[in-house]
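# Summary of the model geometry
For reference, the chains in residue letters:
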Number of protein chains: 2
Amino acid sequence: MATIRDVAKKAGVSAATVSRYLNNKGYISDEAKHVISEAIKELNYRPSMIARSLSTKQTTFIGLIVPDIVNPFFPELARAIEDVALAYGYTIVLCNSDEKIEKEIHYITTLQQKYVAGFIVATSHAEAEHYTTVNLPIVAIDRRIHSSIPLISTANREGARIGVEHLLANDCRHILCMRGPASVGPANDRFLGFMDAIEGKDIQTHVVECPFQFEASELAAREQLQQHAIDGIFASSDVSAAGALKAAYSLGIKVPDQLQIVGYDGTMLASQLTPGLTTVAQDVYKIGALAARMLIKLIEGQEVTEQEIQIPAELIIRETTRSGSQ
Amino acid sequence: MATIRDVAKKAGVSAATVSRYLNNKGYISDEAKHVISEAIKELNYRPSMIARSLSTKQTTFIGLIVPDIVNPFFPELARAIEDVALAYGYTIVLCNSDEKIEKEIHYITTLQQKYVAGFIVATSHAEAEHYTTVNLPIVAIDRRIHSSIPLISTANREGARIGVEHLLANDCRHILCMRGPASVGPANDRFLGFMDAIEGKDIQTHVVECPFQFEASELAAREQLQQHAIDGIFASSDVSAAGALKAAYSLGIKVPDQLQIVGYDGTMLASQLTPGLTTVAQDVYKIGALAARMLIKLIEGQEVTEQEIQIPAELIIRETTRSGSQ
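The structure contained in this document is the topic of the report that follows. Source: prediction; values computed, not measured. (Residues numbered from 1 in each chain as written. Chains lettered and ligands numbered in written order. Predicted model: local features only at pLDDT ≥ 70, side-chain atom pairs only at ≥ 80, totals over all residues.)

## Some details on the sheet that holds strand β10 (residues 278–281) of chain B
Residues and elements named next belong to chain B. The sheet built from 6 strands is open, its strands ordered β7-β6-β8-β9-β10-β12 with mixed pairing. A strand with exactly one partner marks an edge of an open sheet, and here the two such strands are β7 (204–209) and β12 (314–316). Neighbouring strand axes in the sheet, compared pairwise and without regard to direction, differ in orientation by 20 degrees on average. Here strand β9 (residues 260–265) pairs with β10 via 4 bridges, running parallel. Bridged to Asp-265 within β10 is Ala-281. The sheet strands contacting helix α11 (residues 238–250) are β6 (174–179), β8 (232–235), β9 and β10, and the helix crosses β9 at an angle near 155 degrees. (Pairing = 2+ DSSP bridges. Helix = DSSP H or I, 4+ residues; strand = E, 2+ residues; numbered from the N terminus. Axes fitted to C-alpha atoms, helices over the stretch in contact; angles between N-to-C directions. Contact = placed C-beta atoms within 7 Å.)

Here it is, written out as structure tokens:
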């Protein structure tokens, strides 16, 4: 296999010049560029990516940090990111943080030692100090890390408002809001959207905080349904809504006749449930694809004009709400 | 920051000796080992992982090739693999093959150039030629790639038989088998298990081939339910069973009163569905964790005695079958 020295010899230049050419750094005359590119072609030279990364301190790996790939929102996100990454010659390193700051820090430290080219961060920790010292491009998904780090998110507050207004339009008057963890930014935005929708209206409400996790949500919903005459549930994630649906089923409460449920996320789970879950759908694929595209631009030194992109959410009406009364 | 030369100088040995020490290759005297390790401690030297990988031609990245991370079996598998990898200092590179051989080959080629340390392969292609030339440790999940490549799988045939026997014990006499793609090894094993269960019994059966994909499965189940008086469905994946459940719901067929359904996989989806899906559960987490552990042993040159590990499947009875008649 041809080496960088073979290319240099054939082109009649120094190995250092070939290296500058390969890494696109420093001055090289047009003539040198031409002879090097010819030599590379003739010798069918393929630079070792890892040798290049040693000199450029950069690989084509992108670190993707998610809370937990088992929550169906994140495989769909990862899928979109990987599709775009593949098209640009990058590959994805998968990191689950479990919302634990020490796992996040571990991954950020380790992956920097391994010279990843950048990070896409979809975790939801409020503390972000450990990101500000990272000297690599980062794109955040769904929560603001720092004003210098671009953010792609759904218009969560507006989306949640639309979801709750759908319950109101369907005559729900006693609504349970299953808000996500108070430490999670997007969950708070969705809670604000819930408050926007009910403000000034004669609606009885209950609010319960529960994680984006099925069993905990089922339990929380069951307790609330046993205690109160709830006729509508707005859940801050599809997984939580699935838990609520299960709780209603086990209590013999008919959905949507006695209880209507609106989820949030628009994951495949929502369509796979029976009855199908009415949900506020984030454009997960678009979010992931945009984040990947933006990160690759930053890695490759291209200009990124927008520091924040908000993508509208869309209500998808299925069978857990009375669509007839729309 | 200390370099390898600083360590060599302090220890009074050559840089080459320090390199041999770091990469655990070639002879080094115990005395040299001792002075090098002291020098490393004193200087707080941390070898650049990428510089090491250049000399060892090996990183601590593990390539994980799955058909599609969006199928809920695979996030759970990826999660287990990542948990073990993390404990041993490895990280996971995520690759979706979409069951396309050219994507598989692309990833295998690219990741070898990036010096990944090994592969865990959970795709289902019959052709495996492109793996036999890979000069890196590989562990296969669920399908045999080559006799030299260790395999971790569920006892699929046995598992499927148990699932179908549960339908028979629940008085199903007109059973639809939604088998997976004929090109997928584990799907074939499950089909054989179906045949084992019905052999010699007075049972009417229909068999339909459909992908491990929700919409296609829903459509296939709806067609079959419209054409035949089916009272039991054995689906070769939970995703397909979810499609069948949805089809029954949309046709007004009551589950489990008129129709009983058994899935396969034991993913979280099965428990999140309403009614909860009776399913033949693979121990996904154990499969992933074992595969990761075995691969890391191979990477680190430890002995692996077992070339094939089969993990039993377990029937989990929920609400899509009449557990009362158990």
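## Re the environment of Phe-119 of chain B
All names here are of chain B. Along the chain, the position of Phe-119 falls in strand β3 (residues 118–121). For Phe-119, a count of 25 C-beta atoms within 10 Å puts it in the buried group. Each C-alpha atom of the pair Phe-119 and Leu-64 lies 5.9 Å from the other, and the pair is 55 residues apart in sequence. Each residue touching Phe-119, except ones within four places of it in the same chain, is listed here: Gly-63, Ile-65, Leu-136 and Ile-138. (Buried ≥ 20, exposed ≤ 12 C-beta atoms within 10 Å, placed from the backbone.)

## Topic: the relation of the copies chain A and chain B
Superposing chain A onto chain B takes a rotation of 180 degrees plus a shift of 0.0 Å along the axis, which leaves an RMSD of 0.1 Å. On the angle and the small slide along the axis, the relation comes out as a two-fold axis. Residue Val-93 of chain A of chain A places its C-alpha closer to the rotation axis than any other residue of that unit, at 2.2 Å. Comparing interface residues between copies, 100% of those in chain A also lie at the interface in chain B; the contact surface is shared. (Least-squares fit on C-alpha atoms with pLDDT ≥ 70 in both.)

## Quick word on the interface of chain A and chain B
How big an interface is tends to be stated in terms of the accessible area lost upon association of its parts. Contacts between the two partners involve 36 residues from chain A and, on the opposite side, 36 residues from chain B. If you list the elements that add at least two residues to the side of chain A that touches chain B, you get α4 (49–56), α5 (73–87), β2 (91–96), α6 (101–113), α11 (238–250) and α12 (268–272) of chain A. The residue makeup of the side of chain A that touches chain B, split by class, is 22 nonpolar, 9 polar and 5 charged. As paired strands, β2 of chain A and strand β2 (residues 91–96) of chain B are joined by 3 bridges and run antiparallel to one another. (Nonpolar A, V, L, I, M, F, W, Y, C, P; charged D, E, K, R; others polar.)

## Focus on the nonpolar core
Core analysis: the largest hydrophobic core is formed by 180 residues, its most contacted members being Ile-120 of chain A together with Ile-120 of chain B. Setting aside its immediate chain neighbours within four residues, Ile-120 of chain A contacts Ile-62, Leu-64, Ile-81, Val-139, Ile-141, Ala-291, Ala-292 and Leu-295 of chain A. (Core = buried A, V, L, I, M, F, W, Y, C linked by C-beta atoms within 7 Å.)

## Comments concerning the packing of helix α1 (residues 4–11) of chain A against helix α3 (residues 30–43) of chain A
To describe two helices that pack against each other, one gives the angle between their axes and the distance between the axes. Residue and element names in this part refer to chain A. Taken N-terminus to C-terminus, the directions of α1 and α3 make an angle of 125 degrees; their axes are 9 Å apart at the nearest point. In this view, α1 runs oblique relative to α3, as classed from their interaxial angle. The crossing of α1 and α3 is right-handed. Residues Asp-6, Val-7, Lys-10 and Ala-11 of α1 form the contact with α3, whose participating residues are Val-35, Ile-36, Ala-39, Ile-40, Glu-42 and Leu-43. Of the residues contributing to the contact of α1 with α3, the split by class is 7 nonpolar, no polar and 3 charged. (Parallel < 35°, antiparallel > 145°, perpendicular 65-115°, else oblique. Left-handed = near helix turned anticlockwise from the far one by under 90°.)

## Topic: the pairing of strand β1 (residues 61–66) of chain A
Residue and element names in this part refer to chain A. With 6 of its 6 residues buried, β1 lies for the most part within the structure. By the alternation rule, side chains of β1 split into Phe-61, Gly-63 and Ile-65 and Ile-62, Leu-64 and Val-66, which are all buried. Where β1 lies against β2, 6 bridges are found, and the strand directions are parallel. Residue pairing for β2: Leu-64 is matched across the bridge by Leu-94. As for the winding sense of the linkage, the β-α-β connection from β1 through α5 to β2 is right-handed. Note that β1 and strand β3 (residues 118–121) share 4 bridges and pair parallel. For Ile-62, the partnering residue across the bridge sits in β3 and is Gly-118. (Right-handed = clockwise from strand over helix to strand, strands pointing away.)

## Things to note about the packing of α5 of chain A against helix α13 (residues 284–299) of chain A
Residue and element names in this part refer to chain A. Closest axis-to-axis distance for the α5/α13 pair is 7 Å, and the angle between their directions is 40 degrees. Looking at the two axes, α5 sits oblique to α13. Here the hand of the crossing between α5 and α13 comes out right-handed. In contact with Phe-73, Glu-76, Leu-77, Ala-80, Ile-81, Asp-83, Val-84 and Ala-85 of α5, α13 contributes Val-284, Tyr-285, Ile-287, Gly-288, Ala-289, Ala-291, Ala-292 and Arg-293.

## Brief notes about the sheet that holds strand β11 (residues 308–311) of chain B
The mixed open sheet is built from 12 strands, whose spatial order is β11(A)-β5(A)-β4(A)-β3(A)-β1(A)-β2(A)-β2(B)-β1(B)-β3(B)-β4(B)-β5(B)-β11(B). Each edge of the open sheet is held by one strand with a lone partner, namely β11 (308–311) of chain A together with β11 of chain B. Averaged over all pairs of adjacent strands, the angle between their axes in this sheet comes to 20 degrees, without regard to strand direction. Where strand β5 (residues 151–154) of chain A lies against β11 of chain A, 4 bridges are found, and the strand directions are parallel. Bridge pairing links Ser-153 of chain A to Gln-310 of chain A in β11 of chain A.

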